[in-house]
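So the chains spell out like this:
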Amino acid sequence: MNTVDELLANNRTWAREMLGQDPEFFSRLAAQQQPQFLWIGCSDSRVPANQITGLLPGNVFVHRNVANLVPGEDLNSHSVIQYAVEALKVRHIIVCGHYGCGGVLAALRDERVGLVDYWLTGVRALRDREQAALDALPDEVTQHARLCELNVVEQVLNLSRTLVVQRAWDAGQPLQVHGLIYDIADGLLQDLGIRASSEGEASEKCAAARGRLTRSG
Ligand code: CO
């Protein structure tokens, strides 16, 4: 367990090492950021966007919340998406879920935890819609993993239907949405096969991904 003093000492060491590798690193970043990626991931401490993708500061704009959601009424995620797309002009938006997500498990079990229950309303609705496919799986561990995957598909669909993303696509701005899932057990990202550059393509790819996930049992 680290103390805050240890974190500050780590920070001094890190900044010194970065300068050793590239003396202009911080002065260049201080002038502007030009990330190509927006990452929408879970708040879980085990899924840090930069580290697991090997990206340096300045390369990825990050939004994280419990269970990596993009709910229609959420001002926070939508503000981040708007800034990333319209001001930073990112080329890719990645929705990244992870296996073992506690938020998804709470929704699967219909647990009453607290305020987060409101936040997870959409995941519970998804679980209800996919109940038949989930019931066909042998145990809760498998159901949990499948709901984590289906949640990514659902959030990519939500993302593709946001005002900002639709406006960018209508204007011909190059922008691709992606659905990935991270396995905490081996540190590997898996591609759920959703890669779309238009609303039609997003609907099609999400429907196909959902089909694969609910058919394979
Ligand atoms: Co999580």
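Heads up: the structure comes first, above all this text.
Basis of the calculations
Residues numbered from 1 in each chain as written. Predicted model: local features only at pLDDT ≥ 70, side-chain atom pairs only at ≥ 80, totals over all residues. Heavy atoms only, no water. Helix = DSSP H or I, 4+ residues; strand = E, 2+ residues; numbered from the N terminus. Expected span 1.5 Å × (residues − 1). Buried < 20%, exposed > 50% of the residue type's maximum accessible area, 1.4 Å probe, protein only. Donors = N, O, S within 2.8 Å, 3.2 Å for Na, K, Ca; no water. Patch = residues over 30% accessible without salt bridge, like charges linked within 9 Å, V, L, I, M, F, W, Y side chains within 5 Å. Areas by Shrake-Rupley, 256 points an atom, 1.4 Å probe, with all protein chains shown as cover. Salt bridge = Lys/Arg side-chain N within 4 Å of Asp/Glu carboxyl O. Pairing = 2+ DSSP bridges. Axes fitted to C-alpha atoms, helices over the stretch in contact; angles between N-to-C directions. Contact = heavy atoms within 4.5 Å. Core = buried A, V, L, I, M, F, W, Y, C linked by side-chain atoms within 4.5 Å.

So, about helix α9 (residues 140-160). Over its 21 residues, α9 extends 30 Å from the first C-alpha to the last, a length consistent with the 30 Å expected when each residue adds 1.5 Å. Of all 21 residues that make up α9, 16 are buried, and the element is covered over most of its length.

Here we come to the coordination of the cobalt ion. C42 (SG), H98 (NE2) and C101 (SG) make up the full set of protein donors to the cobalt ion, lying at 2.0 to 2.3 Å. Coordination of the cobalt ion draws on donor residues from a single chain, spaced C-x55-H-x2-C in sequence. Here the residue C42 occupies a position in strand β1 (residues 37-42), and C101 occupies one in the loop between β3 (92-98) and α5 (102-109), the gap between them amounting to 59 residues. Accessibility expressed as a relative area gives 1% for C101, which makes it buried.

Our focus in this paragraph is a nonpolar patch on the surface. A cluster of nonpolar side chains, contributed by V4, L7 and L8, occupies part of the molecular surface with about 280 Å² of accessible area. Mapping L7 onto the fold places it in helix α1 (residues 4-21).

Before going further, it helps to examine the sheet that holds β3. With mixed pairing, five strands are arranged side by side in an open sheet as β2-β1-β3-β4-β5. Either end of the sheet is taken by a strand with one partner, and the two such strands are β2 (60-65) and β5 (188-196). Within the sheet, the average angular offset between the axes of one strand and its neighbour, ignoring direction, is 20°. Here β1 runs beside β2; their pairing, made up of six bridges, is parallel. When the sheet's bridge partners are listed, W39 is paired in β2 with V62. Against the sheet, α9 touches β1, β3, β4 (176-183) and β5, its axis set at about 160° to β4.

So, on to the nonpolar core. Residues L38, I81, I93, L159 and L175 are the most contacted members of the largest nonpolar core, which totals 49 residues. At eight residues, α9 tops the list of elements feeding residues into this core. Ignoring anything within four residues of it in the chain, the contact list for I93 reads L38, I40, I81, V85, L159, V165, L175, Q176, V177 and H178. Listed in part, the eight residues of the second largest apolar core include A49, I94, C96 and Y182.

All told, the structure shown has 14 salt bridges when counted by the stated rule. The partner of D110 in a salt bridge is R127, and the shortest N-O contact between them spans 3.6 Å. One end of the pair, D110, is in the loop between α5 and α6 (116-119); the other, R127, is in helix α7 (residues 121-129), and 17 residues separate them in sequence. In this structure D110 comes out as partly exposed when scored by relative accessible area, which is 36%. Assessed through its relative accessible area of 9%, R127 is described here as buried.

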